[in-house]
Amino acid sequence: MEPPDLAEVYAMKIRIKFRKYGNLKFIGHLDVQRFFQKAVRRAGIDVAYSTGFSPHQIMSFAAPLGLGQESNGEYMDMEVNSFLGSKETVERLNAASVEGIEILSAKVLPEHTKNAMASVAAASYTVRFRAGREPDFDWKSCLPRFYLQESIPITKETKKSTLDMDLKPGIYELRLCQDAIYMLLRTGSAENIKPSLVLEAFLDMHGEQLKENALLITREETYMNIGTEENRQLVPLDEIGMESEAIAATDSEAGYE
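Residues numbered from 1 in each chain as written. Predicted model: local features only at pLDDT ≥ 70, side-chain atom pairs only at ≥ 80, totals over all residues. Heavy atoms only, no water.

Draft legend 1. Structural detail: the overall build of the protein. From N to C terminus, the protein includes six helices and 11 strands. Each of the three principal axes of the protein carries a C-alpha extent, and together these read 70 × 40 × 40 Å. Within the protein, the proportion of its 257 residues that are buried is 44%. The long-range fraction of contacts in the protein, counting pairs at least 24 apart against all pairs at least 6 apart in sequence, stands at 72%. Accessible surface for the protein amounts to roughly 14,300 Å². Of this, 50% is attributable to carbon and sulfur atoms. (Helix = DSSP H or I, 4+ residues; strand = E, 2+ residues; numbered from the N terminus. Buried < 20%, exposed > 50% of the residue type's maximum accessible area, 1.4 Å probe, protein only. Contact = heavy atoms within 4.5 Å. Areas by Shrake-Rupley, 256 points an atom, 1.4 Å probe, with all protein chains shown as cover.)

Draft legend 2. The arrangement of the side chain of S86 in detail. If you trace the backbone, S86 turns up in helix α3 (residues 86-95). Looking at S86, the relative accessible area reads 4%, which means it is buried. Beyond its immediate chain neighbours, meaning those up to four positions away, S86 contacts A106, K107, M242, E243 and S244.

Draft legend 3. Spatial organisation of the packing of aromatic side chains. Under the criterion given, the structure shown has six aromatic pairs. Pairing F137 with F202 gives two aromatic rings, centres 5.6 Å apart and planes at 70°, and the pair type is edge-to-face. With a gap of 65 residues between them, F137 in the loop between β5 (120-129) and α5 (139-147) and F202 in helix α6 (residues 195-205) connect regions that are remote in the sequence. Pair check on accessibility: F137 and F202 agree, each one buried. In textbook terms, an aromatic cluster arises when at least three aromatic residues are bridged by ring pairs, as seen for F18, F35, F36 and F61. Taking NZ or CZ as reference, K168 lies 5.0 Å from the ring centre of Y147, over its face. (Phe/Tyr/Trp six-rings, centres within 6.5 Å; stacked < 30°, edge-to-face > 60°. Lys NZ or Arg CZ within 6 Å of the ring centre and 35° of its normal.)

Draft legend 4. The packing of α5 against α6, seen in detail. The contact between α5 and α6 brings their axes to 11 Å, and the two run at 105°. In terms of axis orientation, α5 runs roughly perpendicular to α6. Each of W139, C142, L143 and F146 in α5 lies in contact with α6, whose residues at this interface are V198, A201, F202 and M205. By residue class, the composition of the contact of α5 with α6 is eight nonpolar, no polar and no charged. (Axes fitted to C-alpha atoms, helices over the stretch in contact; angles between N-to-C directions. Parallel < 35°, antiparallel > 145°, perpendicular 65-115°, else oblique. Nonpolar A, V, L, I, M, F, W, Y, C, P; charged D, E, K, R; others polar.)

Draft legend 5. Representation of unusual backbone geometry. Located in the positive-phi region is H112, a residue other than glycine, with phi close to 70°. Tracing the sequence through the fold places H112 in the loop between β4 (101-108) and α4 (116-119). Judged by relative accessible area, H112 falls into the exposed class, the value being 71%. For N213, which is not a glycine, the phi torsion comes out positive at approximately 55°. Summarising the element assignment, N213 is placed in the loop between α6 and β10 (215-225). The exposure class of N213 is partly exposed, given its relative accessible area of 48%.

Draft legend 6. Geometry of the environment of S196. With respect to the helices and strands, S196 occurs in helix α6. The spatial distance from the C-alpha of S196 to the C-alpha of A214 is 9.6 Å, given a sequence separation of 18 residues. In contact with S196, not counting residues within four places along its chain, are L210 and L215.

Draft legend 7. Structural detail: α5. Among the residues of α5, those classed as buried are W139, C142, L143, F146 and Y147. Looking straight down α5, one finds that the buried residues subtend no more than 135° of arc, so they occupy a single side. At its buried positions, α5 is contacted by β5, β8 (171-177), β9 (180-186) and α6. (Arc of directions from axis to C-beta.)

Draft legend 8. Structural context of the nonpolar core. With 28 residues, the main nonpolar core has L167, I181 and F202 as its most contacted residues. Breaking this core down by element, the ones donating at least two residues are β5, α5, β8, β9, α6 and β10. Of all the elements, α6 adds the most residues to this core, at six residues. For I181, the contacting residues outside a window of four places in its chain are Y125, T126, V127, F129, W139, L143, L174, R175 and L199. V32, V47, L93 and A96 belong to the second-largest nonpolar core, a separate cluster that totals 26 residues. (Core = buried A, V, L, I, M, F, W, Y, C linked by side-chain atoms within 4.5 Å.)

Bear in mind that shape data such as this cannot, by itself, settle questions of function.
Right, here's the structure in full:
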């Protein structure tokens, strides 16, 4: 058997799925990045480093989570020189982790897969109002009518100006789920619809403003689109890739003579 190109042996990409909960929902995205850099070293993961004057671990994260939000579906990609296997990687990272971050899976990605950040197309959320900070009208009965509108125009303030936009095309699903609101929203670098923005528009339609610190938001999953924009086929970011046994770092260790 012909040995693979060395770039294939030394540039394996793996996708880590994790959840973020409890008090750690109050740490920002940069702190999450720094946490994983340290956890990867403590776990003995054979992570690949960039070249140059200041080498750094090659990793990227999907859409950053808003401060104060919990999540059951966060993703990080990283390149490794060798792979311990899916089960061993999850166990080691969890042993090196802290309460508030739990590793759920580790999968080897196919070659040429776009990184997690570039893959994100949508995210689902469960949103609840804090006790005592609910709207003053019967919001549960009004929510379906809000979503059935042909358009949901808003004026969004940016750092330099204001922007008139229609939220409706970016809200893929909106429904009541017992005492919570389930949302499936467009997410990504080009356009990112936040749950709070949707609820601000909903309350504004009824002459109210969102009360300060009123929302409890949990991101349930992060999705990529394997279809087209007209015919979306949203699947979780861990739908691609596969669980794997250990993969060695060198040709001979991998079984190539």
